[in-house]
Structure formats: C-alpha cells, structure tokens
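Notes for the structure review
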Amino acid sequence: MPSDPSANTRVRIAFFCLFVFMVVFSAGAYFVSGLGRLQESIAARESQTALQGITDPRQIDEALRQQPSNKFLQMTVMAIKAANETNAATEKLSNEVEPPAISKANNLGAASRSDLEALRRDLKTAVTNATTFMPRYIALLKTERDSLEKYALSLRAGKDTVGRFLDSTDKRHAEITALTSQMLSARADFYRAYDNYVAILVGEFGAYKVVNGQFIFPFQPTVNRYNVAAGAMTLASKRVAELEETRARLLKSQQQGWEQFVNGK
C-alpha cells in the first residue's frame, strides 16, 4: 500500500471513477436493451396495423414497401417466399415418384401383355419411390429453416422475436410433414392396389374380352377377384384425392398464418 497520503487519495479517486463508469455503463446497456425491446414492440404494432384487412399473402409485399425497415414484415415476406420455393421443389420431387408411363396407361383394354407387364414394373418402382421420398423432403425443409434462421439473425432482431419466428416455422413444418407422410403412404397403397388390378389382367390375358370399355371374364370367380381389385384401387385413389385436397387447404391456411407470428401467437 502507498505510504504517501496523496497517493492514497489518487487511488480512492481512481476507484470512485471506475465505480461511476460501471454504473453509467450498466445503465446505458439497460437503456439500449430496453430501447431495442421498445422498437420491436412498436414495429410489431405497426405490422399488425399494416396487415389488418389483408386476405391475400401477396398483399404483404405492398405493406413491406410502405414500411421497408419493419423487421416483422421482412421476416414474414421471407417466410412466405421460402415456403413457396420449398413447395415448388416438393412438387418437382413428387412428380418424380410416379414414372410417366403410369399416367399414360389410360386404355388397358387395348394394352398388350408386354404393355401390362411393363406397367406393373413401373407401379413397383412408384411404390419404392413413394416409400423413400421422406428423407429428401425433410432435407428440403431443413434447408428452408436454415435459410430463415440465417435471414432473421441478419436483421438483428431480438432473441425472443427470432425464437417465435423459428417456432412458427417449426410448427408449420411439423404440420406439413405429418400430412406429407400420410399422402406418401396413401400413394404407395394406391400403386399396390393398381398393381394387383393389373396382375389380374396379366394372369387372364387372352381369356377376357373388352366390350364397350368393360372387361368380360369367362368365369365368375375371376369376375369376383377383378371386382375386389377394382374396388380397392378406387378406394385408394379416393384417399389420395382427399389428402391432396387437405394439403391444398393446409398450404393456404399456412400462408395466411403470418398474422399469428406478427400478433405474437
């Protein structure tokens, strides 16, 4: 310890100045943090006002043009854009599940035996594609989420805001993933039912006739098996169509769900 009284005084002054600096710094940090929360609160209220009465997600672009610095609107527009891009990529992958020859096989009554056998091979390929689709789809969703997280962080939005934004994304992804899994299972069931139907035609090729577009079999047991196979294929096709409609409604509701994020839900 210094023995000089003036030195002791200088030490006390130094400690006092350091204490004052820490108090001022802490108060300043608190003020900046509070100001950031206030700014986000104001931005959220402005977003809610801007989105009132909007029923078409495309109208959000206009709202953003009016408030280009609003982080909530920026994230909302980005989320819709990313979702649309993922949906387009998903549609492309979905179209690859089914070999083109399946949709072109409209007149089985005029098909040769080799045509029917080729159709069965394509149907088996479609089953395999449908049952191995999910990992590729999940990879698309992960890419979307990563890009949204990176974008939200680049805006320097608050931690709570980014968290709610990503939670909303995760909820949307969970809903569409569950439905997509059901759809793929239904499509695989349809292809299997279709294969069973065509298998009967292959097995009875040369024995049946086609009259006015209807298959006529010589024996009743064959007729019964054919009717069961045709009925199963019809039910499977109906299930796929129902899930397609459900998916369309879900995608529409998710696009309109941006207001939940803005409203803090």
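All figures in this text were calculated on a predicted structure; none of them were measured in a lab.

Moving on to the overall build of the protein chain. A count of helical and extended segments in the protein chain gives nine helices and two strands. Listing the helices and strands of the protein chain from first to last along the sequence gives α-α-α-α-α-α-α-β-β-α-α. Expressed as a percentage of its 265 residues, the buried residues of the protein chain come to 34%. Considering only contacts within the protein chain whose residues lie at least 6 apart along the sequence, 77% involve residues at least 24 apart.

Before going further, it helps to spend a moment on the nonpolar core. L108, Y194, Y197, V198 and L201 are the most contacted members of the largest nonpolar core, which has 42 residues in total. Taken together, the elements giving at least two residues each to this core come down to α3 (71–97), α5 (113–131), α6 (134–154), α7 (159–203) and α8 (220–255). Among the elements that make up this core, the one with the highest residue count is α7 (15 residues). For Y197, the residues in contact, after removing those within four places along its chain, are L108, F215, Y226, A229, A230 and M233.

If you check α3, its first and last C-alpha atoms are 39 Å apart, about what 27 residues at 1.5 Å a residue would give, namely 39 Å. Regarding α3, its N-cap is N70, as a side-chain oxygen of that residue lies 3.0 Å from the backbone nitrogen of F72 further along.

Let us now look at unusual backbone geometry. A positive phi is found at R156, a non-glycine position, where the angle reads about 60°. Here R156 is to be found in the loop between α6 and α7. Phi is positive for N212, close to 55°, though the residue is something other than glycine. As for its position among the elements, N212 is in the loop between β1 (209–211) and β2 (214–216).

On to the packing of aromatic side chains. Tallying each qualifying case throughout the model produces ten aromatic pairs. With a centroid separation of 6.1 Å and an interplanar angle of 25°, the aromatic rings of F133 and Y137 are classed as stacked. Assessed through its relative accessible area of 2%, Y137 is described here as buried. A centroid spacing of 5.2 Å and a plane angle of 45° characterise the contact between Y197 and Y226, whose relative ring orientation is tilted. Residue Y197 is found in helix α7, and its partner Y226 is found in helix α8; the two are separated by 29 residues along the sequence. Here Y197 matches Y226 in class, with each residue buried.

Scoring rules and cut-offs
- Residues numbered from 1 in each chain as written.
- Predicted model: local features only at pLDDT ≥ 70, side-chain atom pairs only at ≥ 80, totals over all residues.
- Heavy atoms only, no water.
- Helix = DSSP H or I, 4+ residues; strand = E, 2+ residues; numbered from the N terminus.
- Buried < 20%, exposed > 50% of the residue type's maximum accessible area, 1.4 Å probe, protein only.
- Contact = heavy atoms within 4.5 Å.
- Core = buried A, V, L, I, M, F, W, Y, C linked by side-chain atoms within 4.5 Å.
- Expected span 1.5 Å × (residues − 1).
- Polar contact = N/O pair within 3.5 Å; in protein donor to acceptor, adjacent residues only side chain to side chain.
- Phe/Tyr/Trp six-rings, centres within 6.5 Å; stacked < 30°, edge-to-face > 60°.

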